[in-house]
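The primary structure of each chain is shown beneath.
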Amino acid sequence: MFKVLPFTAIVHPNAITAPRLVVKMSAIATKNAVESFVVKPPAHPTYDLKGVIQLALSEDAGDIGDVTCKATIPIDMESEAHFLAKEDGIVAGIALAEMIFAEVDPSLKMEWSINDGDKVHKGLKFGKVQGKAHSIVIAERVVLNFMQRMSGIATLTKAMADAAHPATILETRKTAPGLRLVDKWAVLIGGGKNHRMGLFDMVMIKDNHISAAGGVSKALNSVDQYLEQNKLQMGVEVETRTIAEVHEVLEYASQTKTSLTRIMLDNMVVPLSNGDIEVSMLEEAVDLINGRFETEASGNVTLETVHKIGQTGVTYISSGALTHSVKALDISLKIDTELALEVGRRTKRA
């Protein structure tokens, strides 16, 4: 059983971010609080996870609270509710659920039969919360909103990470506004790794930067000068869209001391009319780079295409769909689980 207290996050080993970054919380952590997370959240210098939880609860409660609970549930009534999986998948958000319940009512007690990152099957009761029924019902929707979204992300990430091997699957910054850390935490739980957390922890030279700077080499040179002048050390990635641009990057790197660490190979996966993909351009680019830099494939990445992309030799494969097109995993929290299962069987959801 988890015992969650306010904490300062440490960097998860799968998070490709600078180790100096921390998640901003309202209190100092204890060692036991941090260790209670099976998969620790990625680090961020300003993200207030407790504040996000409070905002989610506040937008639900409004200015007068849960009027239905006040009308129907005695304030001192004790109850027990069970988490029920309504489809197969990977569960994520257990640690966050504990934090939400504790914010609503610290006297609530939780027990789990699984951990974040474990598989569940349709119809499985995998956790329970005990305490004041009033508090359980107030927290229910916020807990489920986070858990269902995170579990959906983790489920797709797990499938894509397995298919992408030996390449490593990454998400992008295409996350829900305000939920950047939560979405990226779910990717870690699903077995992926984190791309940059934001604009601050990695230089990523994309097409608009290149166009504004006057070309790939000029953009790279400007970045190298900026980092040196400001005494900054961080990863540097440049986007390439053609084999000619790959040549230009390699030529620049052969003549100049550069901070470049990774080359993005964007849209070098070509979709075919029969549903397959053509990866010869991507393979050519990977061969040209020949291990001198990390490589990252992006564009036309789906669950159906990721395996073939992963066989080209790229280091990473990034997919915005992991977070921007997430399908929530169907999970419920029920006081009367027998009735819930009966209804679920009737509707083919349990």
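Residues numbered from 1 in each chain as written. Predicted model: local features only at pLDDT ≥ 70, side-chain atom pairs only at ≥ 80, totals over all residues. Heavy atoms only, no water.

Engineer: Quick question: what am I supposed to make of the overall build of the protein here?
Structural biologist: When helices and strands are tallied, the protein shows 13 helices and 14 strands. Buried residues in the protein amount to 49% of all 350 residues. At a minimum sequence separation of 6, the contacts of the protein that also span at least 24 residues come to 75%. Accessible area of the protein: about 16500 Å², with a carbon and sulfur share of 52%. (Helix = DSSP H or I, 4+ residues; strand = E, 2+ residues; numbered from the N terminus. Buried < 20%, exposed > 50% of the residue type's maximum accessible area, 1.4 Å probe, protein only. Contact = heavy atoms within 4.5 Å. Areas by Shrake-Rupley, 256 points an atom, 1.4 Å probe, with all protein chains shown as cover.)

Engineer: Explain the sheet that holds strand β3 (residues 109-112) to me, please; I cannot follow it from the model alone.
Structural biologist: Spatial ordering of the open sheet is given by β3-β5-β1-β14, a layout of 4 strands whose pairing is antiparallel. Since the sheet does not close on itself, it has two edges, and those belong to β3 and β14 (331-334), each with one partner. The mean inter-strand angle of the sheet, taken between neighbouring strand axes irrespective of direction, is 15°. Bridging between strand β1 (residues 78-85) and strand β5 (residues 125-132) involves 7 bridges; their strand directions are antiparallel. (Pairing = 2+ DSSP bridges. Axes fitted to C-alpha atoms, helices over the stretch in contact; angles between N-to-C directions.)

Engineer: I keep staring at the nonpolar core and nothing clicks. Help me out?
Structural biologist: A general tendency of soluble globular proteins is for nonpolar side chains to be buried together. By size, the foremost hydrophobic cluster in this structure holds 50 residues, and its most contacted members are Phe83, Leu96, Phe101, Phe126, Phe146 and Trp185. For this core, the secondary-structure elements that each account for two or more residues are α2 (49-61), β1, α4 (94-104), β3, β5, α5 (133-164), α6 (180-189) and β14. It is α5 that contributes the most residues to this core, 10 residues altogether. Leave out the neighbours within four places in its chain, and Phe101 touches Phe83, Pro106, Leu108, Met110, Val129, Ile136, Ala139, Val143 and Leu333. If you look at the next biggest cluster of nonpolar residues, it comprises 41 residues, including Val203, Ala253, Ala285 and Ala297. (Core = buried A, V, L, I, M, F, W, Y, C linked by side-chain atoms within 4.5 Å.)

Engineer: I tried to follow the layout of surface pockets on my own but got confused; where do I start?
Structural biologist: Empty space among the atoms becomes visible once a probe the size of a water molecule is rolled across them. In this structure, the largest pocket occupies an estimated 410 Å³ of space. Together, 22 residues line the largest pocket, and Thr172, Lys174, Lys206, Ser298 and Ser318 are the ones closest to its centre. Elements that contribute at least two residues to the lining of the largest pocket include exactly β9 (262-266), β12 (294-298) and α12 (321-324). Across the lining of the largest pocket, the residue classes break down as 4 nonpolar, 11 polar and 7 charged. (1 Å grid on protein atoms, 1.4 Å probe; cavity = no way out; pocket = protein on both sides within 12 Å on 5 of 7 lines; lining within 4 Å. Points joined across faces, edges and corners; volume = space filled by probe spheres on them. Nonpolar A, V, L, I, M, F, W, Y, C, P; charged D, E, K, R; others polar.)

Engineer: Which parts of the structure should I look at to understand the packing of aromatic side chains?
Structural biologist: A ring pair, where both rings are aromatic, is described by two values, the distance of the centres and the angle of the planes. Within this structure, the stated rule accounts for 4 aromatic pairs. Ring geometry for Phe83 versus Trp112: centroids 4.9 Å apart, planes at 35°, classification tilted. Placement of Phe83 in strand β1 and of Trp112 in strand β3 is noted, with a sequence separation of 29 residues between them. The rings of Phe83, Phe101, Trp112 and Phe126 are connected pair by pair, giving a single aromatic cluster. (Phe/Tyr/Trp six-rings, centres within 6.5 Å; stacked < 30°, edge-to-face > 60°.)

Engineer: Whenever I open this one, the packing of α2 against α5 confuses me. Can you help?
Structural biologist: When two helices pack together, their arrangement is captured by the angle between the axes and the distance separating the axes. Where α2 contacts α5, the two axes come as close as 10 Å, and the packing angle between them is 125°. Taken as axis vectors, α2 and α5 run oblique relative to one another. Read as a crossing pair, α2 and α5 show a hand that is right-handed. In this structure, α2 contributes Val52, Ala56, Leu57 and Asp60 to the contact, and α5 contributes Ile138, Arg141, Val142 and Phe146. Looking at the contact of α2 with α5 residue by residue, the classes come out as 6 nonpolar, no polar and 2 charged. (Parallel < 35°, antiparallel > 145°, perpendicular 65-115°, else oblique. Left-handed = near helix turned anticlockwise from the far one by under 90°.)

Engineer: Would you mind going over the environment of Thr68 with me for this structure?
Structural biologist: On the secondary structure map, Thr68 appears in helix α3 (residues 67-72). Classification of Thr68 by relative accessible area gives exposed; the value is 51%. Thr68 sits 70 residues away from Ile138 along the chain, and the two C-alpha atoms are 9.7 Å apart.

Engineer: Got a minute to help me understand α2 in this structure?
Structural biologist: One turn of the α-helix equals 3.6 residues, which is why residues spaced by three or four share an orientation. In a regular helix each residue adds 1.5 Å, so 13 residues correspond to 18 Å; α2 covers 19 Å between its end C-alpha atoms and thus fits that length. When α2 is considered as a whole, its buried residues turn out to be Leu49, Val52, Ile53, Ala56 and Leu57. All buried residues of α2 project into a common sector of 130° when viewed along the axis, lining one side. Seen from the open side of α2, the exposed residues pointing more than 90 degrees away from its buried face are Leu55 and Glu59. In this fold, the buried residues of α2 make contact with α4, α5 and α6. The residue sitting at the N-terminus of α2 and contributing the capping side-chain oxygen is Asp48; that oxygen lies 3.4 Å from the backbone nitrogen of Lys50. (Expected span 1.5 Å × (residues − 1). Arc of directions from axis to C-beta. Polar contact = N/O pair within 3.5 Å; in protein donor to acceptor, adjacent residues only side chain to side chain.)

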